[in-house]
Amino acid sequence: MEQQEIERLWEAFFAKYQKTEGDRSSWSAPWMVFAGGRKVEMIMTRCPRGTRFRFFVDGKQVEEVEGFDGLAARLPVWEAQFPGVFAAEDFFAQMAEMVS
C-alpha cells in the first residue's frame, strides 16, 4: 500500500475516532488487529510535538515514530521484525473497512 493511501486512511480514521488525552492539547486514535494469535496496535497522536505513531505488539511498545514519513520508513522493518504477526497491507486493509 502506498504512503499516500496509508496517510489518507489514518486521516479518515483519526477524524472519526480521535479522543482527547485529557488537557485537549493531545488527541489520539488507536487501531488494533489480531494476527497469528497476537495483538498488534498502532496509536496515532496529534500533540504539540506533532503527529506521532506508537507501535505495540502484545501490549508492549516496540517503537514511536514521528510523522507519516517516519511511519512509512518503519513499516517494512516491523514486518521483518514480526513476520506472520504484522503485515502492513492487512493492517491497513482492515482499517479501510472501518472508514468506508
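Preceding this paragraph is the structure being described.
Residue numbers run consecutively from 1 along every chain, following the written order of its sequence. Confidence filtering applies because this is a predicted model: local features only for residues at pLDDT of at least 70, side-chain atom pairs given and counted only at 80 or more, and all residues used for totals across whole chains, interfaces and linings. For the side-chain quantities, the full set of heavy atoms in the structure was used; hydrogens and water were omitted.

A.B. asks: Provide a residue-level description of helix α1 (residues 3-17), including the pertinent values.
C.D. replies: Secondary structure is summarised from DSSP: a helix means a run of H or I of at least four residues, a strand means a run of E of at least two, and numbering begins at the N terminus for each. One fewer than the residue count of a helix, multiplied by 1.5 Å, yields its expected span. If you check α1, its first and last C-alpha atoms are 21 Å apart, about what 15 residues at 1.5 Å a residue would give, namely 21 Å. The rule is simple: take the accessible area with a 1.4 Å probe, protein chains only, and divide by the maximum for that residue type; under 20% is buried, over 50% is exposed, in between is partly exposed. Every buried residue belonging to α1 is among I6, L9, W10, F13 and F14, and all of these are buried. On an axial view of α1, the arc spanned by its buried residues comes to 130 degrees, and they lie on one face. Seen from the open side of α1, the exposed residues pointing more than 90 degrees away from its buried face are Q4 and A15. Considering only its buried residues, α1 is in contact with β2 (27-35), β3 (38-47), β4 (50-57), α2 (67-81) and α3 (88-99). It is the directions from the helix axis to the C-beta atoms whose arc is reported. Here, two residues are considered to be in contact whenever any of their heavy atoms come within 4.5 Å of each other.

A.B. asks: Help me get a handle on α2, residues and values and all.
C.D. replies: With 15 residues, α2 ought to run about 21 Å at 1.5 Å a step, and its terminal C-alpha atoms sit 21 Å apart, in line with that. Its maximal kink placed at R74, α2 deviates by approximately 30 degrees, while the proline P76 follows within four residues. Burial in α2 covers these residues: G67, F68, G70, L71, L75 and W78. Those residues of α2 that are buried lie in contact with α1, β3, β4, β5 (60-66) and α3. Take the seven residues that end at a residue and the seven that start at it, fit an axis to each, and the angle between those axes is the bend at that residue.

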